[in-house]
Amino acid sequence: MKTTVNRRDWLKKGVLSAAGVMAAPYLTYGAFPSQPISLDANGNIPYTPFFKEYLPQSPMQPLALAAKLNANENPYGPSPMAVSAMQEYAPKGNRYAWKELYQLMDKIAIEEGVKQENIMMGPGSSDLLEKTAMVFFQNGGNIVSADPAYMSLIKVAEATGATWKPVPLKKDWSHDLAAMEAAVDDDTKLVYICNPNNPTGSMTDHDELIDFCSRVSEKTPIFVDEAYLGFLDDATKKSMVSLINEGKDVIIARTFSKIQGMAGLRVGYIV
Ligand SMILES: Cc1ncc(COP(=O)(O)O)c(C=O)c1O
């Protein structure tokens, strides 16, 4: 006997963390949250699109082109220095790499000019975006972002119980910061900003964004996704990371998937 359960209710019941983490990458791309899940008589899930992403397509087709732009992968691959470091460490793959993890966090903290305790590592940044959504929206609320935006965090927020308040980009494709600020209300749990933005590739002025984050984070936390920051000439100057040392309620996400060409290696962090 089969029964169905609303996916959103199911996520809200107990299985949130385990299932939500598995669900997250799929949720990013689909109208998935509103679909029912089939359960068997014992309440187990015999099949779910949660697992779909992990099943290889058969047969796997090699890429015909070097550049695959729909995922913004770097066609050049990782730096040869990174490849040789990985080769050196691969035979030690049986060991948990706690020491190396802390070494990496130390290096990132120095690079970012923050304390090591401000860094949280993840398998790519998607996991951190989506976990943030799960933590912030367990009790509902709304999320304010640009439209169009990168939907990963927003989709998981909606699946967890949030309402999305989209604010159209301006004519020059930059964030409409005044309209976003006006959209923040007492129920807003998070503002999501992606700069440079995906899918438009557009930039929002640095000084205006600093001012916005600085002021609006007094009312509600702000998540700034800087996945593509590394493509800018003066990347470090364009980051919002300086706000962390000012004690502002801001989360900055970075990934090694784009400019560093390591999308398949899954390394990312939040500050
Ligand atoms: C804006 C943005 N943020 C985050 C990600 C997540 O990338 P990853 O999980 O590989 O770090 C992507 C990937 O395309 C992206 O475009």
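Please read all numbers here as calculations on a predicted model, not as lab measurements. (Residues numbered from 1 in each chain as written. Predicted model: local features only at pLDDT ≥ 70, side-chain atom pairs only at ≥ 80, totals over all residues. Heavy atoms only, no water.)

Draft legend 1. Structural context of the environment of V144. You can see V144 is positioned in strand 4 (residues 142-147). Sequence-wise, V144 and L190 are 46 residues apart; in three dimensions their C-alpha atoms are separated by 6.6 Å. If we ignore the near neighbours within four places in the chain, the residues touching V144 are K165, V167, M180, A183, V184, T188, L190, V191 and Y192. (Helix = DSSP H or I, 4+ residues; strand = E, 2+ residues; numbered from the N terminus. Contact = heavy atoms within 4.5 Å.)

Draft legend 2. Representation of the site of the ligand in the model. Surrounding the ligand, one finds 13 residues, the nearest of these being S126, D225, Y228, T255 and S257. Between the ligand and S126 there is a distance of 2.5 Å, counted from an oxygen atom to a side-chain nitrogen or oxygen. For the ligand, an oxygen atom lies 2.7 Å from a polar atom in the side chain of R266. About the coverage of the ligand: the protein hides 94% of its 390 Å² of free accessible area. (Near = heavy atom within 4 Å. Polar contact = N/O pair within 3.5 Å; in protein donor to acceptor, adjacent residues only side chain to side chain. Areas by Shrake-Rupley, 256 points an atom, 1.4 Å probe, with all protein chains shown as cover.)

Draft legend 3. Focus on the confidence of the model for the protein. When the pLDDT values of the protein are averaged, the result is 84; 78% of them are 70 or greater. In the model, residues 1-31 has pLDDT below 50 throughout and makes 74 contacts with residues more than four positions away in sequence or in other chains. For residues 47-56, every residue scores under 50 in pLDDT, and the model assigns this stretch 18 contacts once sequence neighbours within four places are set aside. (pLDDT = per-residue confidence, 0-100.)

Draft legend 4. Just the nonpolar core, in detail. Within the largest apolar cluster, 32 residues are counted, with the highest numbers of intra-cluster contacts made by I119, I193, F212 and C213. Elements with a minimum of two residues in this core: helix 4 (98-112), helix 7 (177-183), strand 6 (188-194), helix 8 (206-216), strand 7 (222-225), helix 10 (242-245) and strand 8 (250-255). Not counting chain neighbours up to four residues away, the residues in contact with C213 comprise I222, V224, M240, L243 and V250. Counting residues in each nonpolar core, the second largest holds 21 residues, with M134, A157, L190 and Y192 among its members. (Core = buried A, V, L, I, M, F, W, Y, C linked by side-chain atoms within 4.5 Å. Buried < 20%, exposed > 50% of the residue type's maximum accessible area, 1.4 Å probe, protein only.)

Draft legend 5. Molecular detail of unusual backbone geometry. Across the junction of D147 and P148, the peptide omega takes the value 5°, indicating a cis bond. Within the secondary structure, P148 sits in the loop between strand 4 and helix 6 (152-160). The linkage connecting N198 with the following residue, P199, adopts the cis geometry, with an omega of 20°. With respect to the helices and strands, the residue P199 is situated in the loop between strand 6 and helix 8. In this model, N72 sits at a positive phi of 50°, which is unusual for a non-glycine residue.

Draft legend 6. Spatial organisation of the packing of aromatic side chains. Enumeration over the complete set of coordinates arrives at four aromatic pairs. The ring of Y89 has K92 lying over it, and the distance from NZ or CZ to the ring centre is 4.6 Å. (Phe/Tyr/Trp six-rings, centres within 6.5 Å; stacked < 30°, edge-to-face > 60°. Lys NZ or Arg CZ within 6 Å of the ring centre and 35° of its normal.)

Draft legend 7. Inspection of the pairing of strand 8 at higher detail. Most of strand 8 is tucked away: six of the six residues are buried. Of the two faces of strand 8, the one lined by V250, I252 and R254 and the one lined by I251, A253 and T255 are each fully buried. The pairing of strand 7 with strand 8 spans four bridges and is parallel. The residue bridging D225 from the neighbouring strand is A253, located in strand 8. By the bridge criterion, three bridges tie strand 8 to strand 9 (residues 268-270) in an arrangement that is antiparallel. Looking at strand 9, one finds that A253 is bridged to I270. (Pairing = 2+ DSSP bridges.)

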